[in-house]
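Reading the structure
Here is how the chains run, residue by residue.
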Amino acid sequence: MNEAIQILTRHGAPVVFVAVLIEQLGLPLPAIPWMLAAGALSATGQCSFAGSILLTVLACLISDGLWFYLGRHRGSKVLGLLCKISLEPDSCVRRTQNLFTKYGWRGIVLAKFVPGLSTVTPPLAGMSGMNAAKFLSVDGVGSLLYGGVFIVLGYFFATQLQQIGNAISGIGNSALCLVGGAAAAYIGYKYWQRRRLLDELRIARITVDDLRQMMNHGEQVVILDLRSNVEYASEAGIEGAIHATMDDIKAGQVEIPKDREVVVYCSCPNEITAARVALLLRRNGFSRVRPLLGGIDAWNQTATASESA
């Protein structure tokens, strides 16, 4: 906290703008400490209170507007990018989609306060066909609340924050190394967990060409489309596929014959959701279930290539 206060003292509210912009673009730089520090400094007149809030809102609108535009015009490719950089891509997209579906425009406001969801919500809103002016208005309200809450907290608890900063400085670099090591260990564990899941089903995956051959030969294949409701509504999938979510399958709401070949696919390029559903079905007695290699992107790419030929 002390370092943040020193930087803010030298450069002012624009530092908050940069920190919030980077965070909202999806990079792993938490902006909350900077907003708290800006609030603390505004209590002593060393930083502009109104300026910090306005620049926070502006940074959110710029980054969210960009994600909204990309979601509207690039859809699954944007979610594919988020899948690659997220530690929990499938659950993050699923939770955001559920929040957006359940609460509508209010979900955009709520997502601002949940790490990870704030980045995924704008492209999902764009994919859903939401009016751009309405999105920016609602996002502006959420951004105002997001920045206002933490800057106001910093303002009223300036003394306590300074004491915490001094205490952290007194502990020394060993504490920072310990925190950094714990964070690195967590990231390493999540990466290993993802690789183990994929390796477990790597041999069992089916290629797009093999699936097309099975369908052309009239084989009775059950295909499960595991994309979110927003993705399913905005972009076409494989003809004849049954749309279902992981929650639907867990609850037994989807009837799947156990004597047929089952192919599952999602929109994540690493097939994380498809792999998890495949393992779930195998534990429930389905012996012939395989994820589609490359997911819906691989299917659409081969379809485009066939049309061009």
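To start, this report covers the structure provided alongside it.

Further remarks concern the overall build of the protein. Counting its regular elements, the protein contains 16 helices and four strands. Considering the protein as a whole, with its 309 residues, one finds that 46% of them fall into the buried category. Residue pairs in contact within the protein that sit at least 24 positions apart in sequence constitute 77% of those at least 6 positions apart. Accessible surface computed for the protein: about 15,700 Å², of which carbon and sulfur atoms make up 60%.

This next bit is on the packing of helix α2 (residues 14-24) against helix α3 (residues 32-42). For any two helices packed against each other, the geometry comes down to the angle between their axes and how far apart the axes lie. Close contact between α2 and α3 brings their axes to 9 Å; oriented N to C, the two are set at 160 degrees. Compared by their axis directions, α2 and α3 come out roughly antiparallel. The two elements α2 and α3 meet at a crossing, and its hand is left-handed. Each of V15, V16, A19 and V20 in α2 lies in contact with α3, whose residues at this interface are W34, M35 and A38. For the contact of α2 with α3, the class distribution of residues is seven nonpolar, no polar and no charged.

Tallied over the entire structure, the rule returns five salt bridges. Residue E261 pairs with R288 through a salt bridge whose shortest N-O separation is 3.6 Å. Of this pair, E261 sits in strand β3 (residues 261-265) while R288 sits in the loop between α15 (272-283) and β4 (289-291), and the two are 27 residues apart along the sequence. The class of E261 is buried, set by a relative accessible area of 12%. Overlapping salt bridges bring together D64, K112 and D139 as one network.

The next subject is the pairing of strand β1 (residues 221-225). Across the five residues of β1, five count as buried, placing the element largely inside the fold. Going residue by residue along β1, you find V221, I223 and D225 tucked away on one face and V222 and L224 tucked away on the opposite face as well. Note: β1 against β3, five bridges, orientation parallel. Considered in β3, the bridge of D225 is made with Y265.

A separate point is the side chain of D64. Structurally, D64 is set in helix α4 (residues 49-74). Contact partners of D64, with chain neighbours within four places excluded, come to Q24, K112, S118, P122, F135, D139 and S143.

A separate point is the packing of aromatic side chains. Across all of its chains, the model carries six aromatic pairs by this definition. Seen in terms of ring centroids, F68 and F135 are 4.6 Å apart; in terms of plane orientation they differ by 15 degrees. Their pairing is stacked. On the criterion of sequence distance, the pair formed by F68 in helix α4 and F135 in helix α9 (residues 132-156) is long-range, its members being 67 residues apart. An angle of 80 degrees between the planes, with centres 5.3 Å apart, marks the rings of Y155 and F156 as edge-to-face.

Turning our eyes to something else, we now look at the nonpolar core. Core analysis: the biggest nonpolar cluster contains 20 residues, and V20, A31, M35 and Y146 have the highest contact counts within it. If you list the elements that add at least two residues to this core, you get α2, α3, α4 and α9. Apart from residues lying up to four places away in sequence, A31 is in contact with A19, V20, E23 and Y146. Ranked by size, the runner-up nonpolar core spans 18 residues in total, among them M246, I249, V254 and A274.

Backbone-to-backbone hydrogen bonds pair the strands of a sheet. The strands run either parallel or antiparallel. Taken together, the four strands give an open sheet; going across it, the order is β2-β1-β3-β4, and neighbouring strands pair in parallel fashion. Here the strands that pair on one side only, and so sit at the sheet edges, are β2 (242-243) and β4.

Below, the discussion takes up the environment of Y265. Looking at where Y265 falls in the secondary structure, it is placed in strand β3. We classify Y265 as buried; its relative accessible area is 0%. Separated by 32 residues in sequence, Y265 and D297 have C-alpha atoms that sit 9.8 Å apart. Reaching out from Y265, the side chain makes a polar contact with the backbone nitrogen of I238 at a distance of 3.1 Å.

Bringing the packing of α4 against helix α8 (residues 117-127) into the picture now. Their axes nearest at 6 Å, the elements α4 and α8 cross at an angle of 45 degrees. Taken as axis vectors, α4 and α8 run oblique relative to one another. Our pair here, α4 against α8, has a crossing hand that is right-handed. Together, D64, W67, F68, G71 and R72 of α4 and S118, T119, P122, P123, A125, G126 and M127 of α8 make up the contact between the two elements. Of the residues in the contact of α4 with α8, the class split is six nonpolar, four polar and two charged.

About the criteria used
- Residues numbered from 1 in each chain as written.
- Predicted model: local features only at pLDDT ≥ 70, side-chain atom pairs only at ≥ 80, totals over all residues.
- Heavy atoms only, no water.
- Helix = DSSP H or I, 4+ residues; strand = E, 2+ residues; numbered from the N terminus.
- Buried < 20%, exposed > 50% of the residue type's maximum accessible area, 1.4 Å probe, protein only.
- Contact = heavy atoms within 4.5 Å.
- Areas by Shrake-Rupley, 256 points an atom, 1.4 Å probe, with all protein chains shown as cover.
- Axes fitted to C-alpha atoms, helices over the stretch in contact; angles between N-to-C directions.
- Parallel < 35°, antiparallel > 145°, perpendicular 65-115°, else oblique.
- Left-handed = near helix turned anticlockwise from the far one by under 90°.
- Nonpolar A, V, L, I, M, F, W, Y, C, P; charged D, E, K, R; others polar.
- Salt bridge = Lys/Arg side-chain N within 4 Å of Asp/Glu carboxyl O.
- Pairing = 2+ DSSP bridges.
- Phe/Tyr/Trp six-rings, centres within 6.5 Å; stacked < 30°, edge-to-face > 60°.
- Core = buried A, V, L, I, M, F, W, Y, C linked by side-chain atoms within 4.5 Å.
- Polar contact = N/O pair within 3.5 Å; in protein donor to acceptor, adjacent residues only side chain to side chain.

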